[in-house]
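Each chain, written out:
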Amino acid sequence: MTAYPVVHHPDYVAPLPAGHRFPMSKYEAVVAALSADDTAGLFVWHDAPALDRDTVARAHEAAYVDQVFRLAVPADMERRIGFPVTQRVLTRARHASGGTLAAARLALALGVASNTAGGSHHAHPGFGAGFCVFNDVGIAARTLLDDGAVARVLVVDLDVHQGDGTAAMFAAEPRVFTFSMHCEANFPVRKAVSDLDIGLPPGTGDQAYLDRLAEALPTLLSRHRPDLVFYNAGVDVHAADRLGRLALSDAGIAARDRLVAETVLAAEVPLCTVMGGGYSDDVGAVAARHAATIRAIADCWRTRQAGE
Ligand SMILES: [Zn+2]
């Protein structure tokens, strides 16, 4: 049995002002949840490198990258991000985006990999927003295209919020297909235009959600023929999520993750998953949802391997 590759770094957790609503501690809680009972060695852990300025600037405007690296982000831009850009927040953003690039490279080599952070899909080329500083999927996709490691990329963004930053980043890039399925009533109020947007009404439950996904995904793979899929597996689609307004159950999210993994792996396309959003005052509950997602994808991958 091959261990499933997961990328992590202790600096995924950065201190925020007291009482801040972003659930920063979930990033270590997910690792604890995955490794606690892993006596069988189901997961193999890789360290996320910190990206340098030039790599970040492949996808972001140089002026913005410079502001972040100099810790000189203007106050109005920090408000849009949702927290102050300190040295620790910068370090976190460099490792989180390095983790997605590392996971993507592992996926290209092994077939799958997950980052225990990332999915910062509200970060636009020239500014951050909605708790997102650097767009990790955007940077990784751009880097792998530039390096010739891939020719076409598909982004499957199933976080409850629209992947507006990623859509904006690749609006004029035909090699990257951006697909976002989200709740129409959630942030951002003004949506960007992805290559395919499915905006669902609040309260959409498991069956309607899964039907729409099952209808869309196979066609995207066969039409776009990607060399790599990035899957933003945000769990803020859960009924108990503090921000998300869809109404998926635990079983619904598990079915969603299996549907994505089985469809992508059956098409023999490498799959890189990033964590995305998940919000609750109960950090243990939200970390358990993220851990369940990684487990579901790892299970699909192992089942396929066993069958080969
Ligand atoms: Zn979200």
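Source: prediction; values computed, not measured.

*Asks:* Lay out the state of the cysteines with the relevant residues and their values.
*Replies:* Tallied over the entire structure, the rule returns zero disulfides. Counting only cysteine sulfurs, Cys272 is the nearest neighbor of Cys132, a cysteine outside any disulfide, at a range of 16 Å. We note that Cys183 lacks a disulfide partner, and the nearest cysteine sulfur, in Cys132, lies 17 Å from it.

*Asks:* Can you break down the sheet that holds strand β8 (residues 271–274) residue by residue, with the values?
*Replies:* The strand order β2-β1-β3-β8-β7-β4-β5-β6 describes an open sheet built from eight strands, whose pairing is parallel. Looking at strand neighbours, the two that pair on one side only are β2 (43–47) and β6 (196–200), the edges of this open sheet. Neighbouring strand axes in the sheet, compared pairwise and without regard to direction, differ in orientation by 15° on average. Two elements, strand β4 (residues 153–157) and strand β5 (residues 176–183), share five bridges in a ladder whose sense is parallel. Counterpart to Asp157 in the pairing with β5 is Ser180. Seen against the sheet, helix α6 (residues 136–146) touches β4, β5, β7 (228–232) and β8 and runs at an angle of roughly 175° to β7.

*Asks:* So what about the pattern of salt bridges? Which residues, and what values?
*Replies:* Between side chains of opposite charge, pairing is possible as soon as their charged atoms come close. Counting across every chain of the model gives ten salt bridges. Of the charged contacts, one joins Arg105 and Asp147 as a salt bridge, the two residues approaching to 3.5 Å between their closest N and O atoms. Here Arg105, found in helix α5 (residues 87–110), pairs with Asp147, found in the loop between α6 and β4; they are 42 residues apart in sequence, far enough to count as distant. Salt bridges sharing common partners tie together Arg58, Arg105, Asp146 and Asp147.

*Asks:* How would you explain the side chain of Asp159 if you had to name every residue and give the values?
*Replies:* Tracing the sequence through the fold places Asp159 in the loop between β4 and α7 (164–169). There is no salt bridge for the buried Asp159, and the closest opposite charge comes from Lys26, which lies 7.3 Å off by N-O distance. Within the structure, the side chain of Asp159 is placed 2.9 Å from the backbone nitrogen of His161, a separation counted as a polar contact. Among residues more than four places away in sequence, those in contact with Asp159 are His121, Met181, His182, Asn232, Gly234, Asp236, Val237, Gly276 and Gly277.

What counts, and where the lines are drawn
Residues numbered from 1 in each chain as written. Predicted model: local features only at pLDDT ≥ 70, side-chain atom pairs only at ≥ 80, totals over all residues. Heavy atoms only, no water. Disulfide = S-S within 2.5 Å. Pairing = 2+ DSSP bridges. Helix = DSSP H or I, 4+ residues; strand = E, 2+ residues; numbered from the N terminus. Axes fitted to C-alpha atoms, helices over the stretch in contact; angles between N-to-C directions. Contact = heavy atoms within 4.5 Å. Salt bridge = Lys/Arg side-chain N within 4 Å of Asp/Glu carboxyl O. Buried < 20%, exposed > 50% of the residue type's maximum accessible area, 1.4 Å probe, protein only. Lys, Arg positive; Asp, Glu negative; His and termini not counted. Polar contact = N/O pair within 3.5 Å; in protein donor to acceptor, adjacent residues only side chain to side chain.

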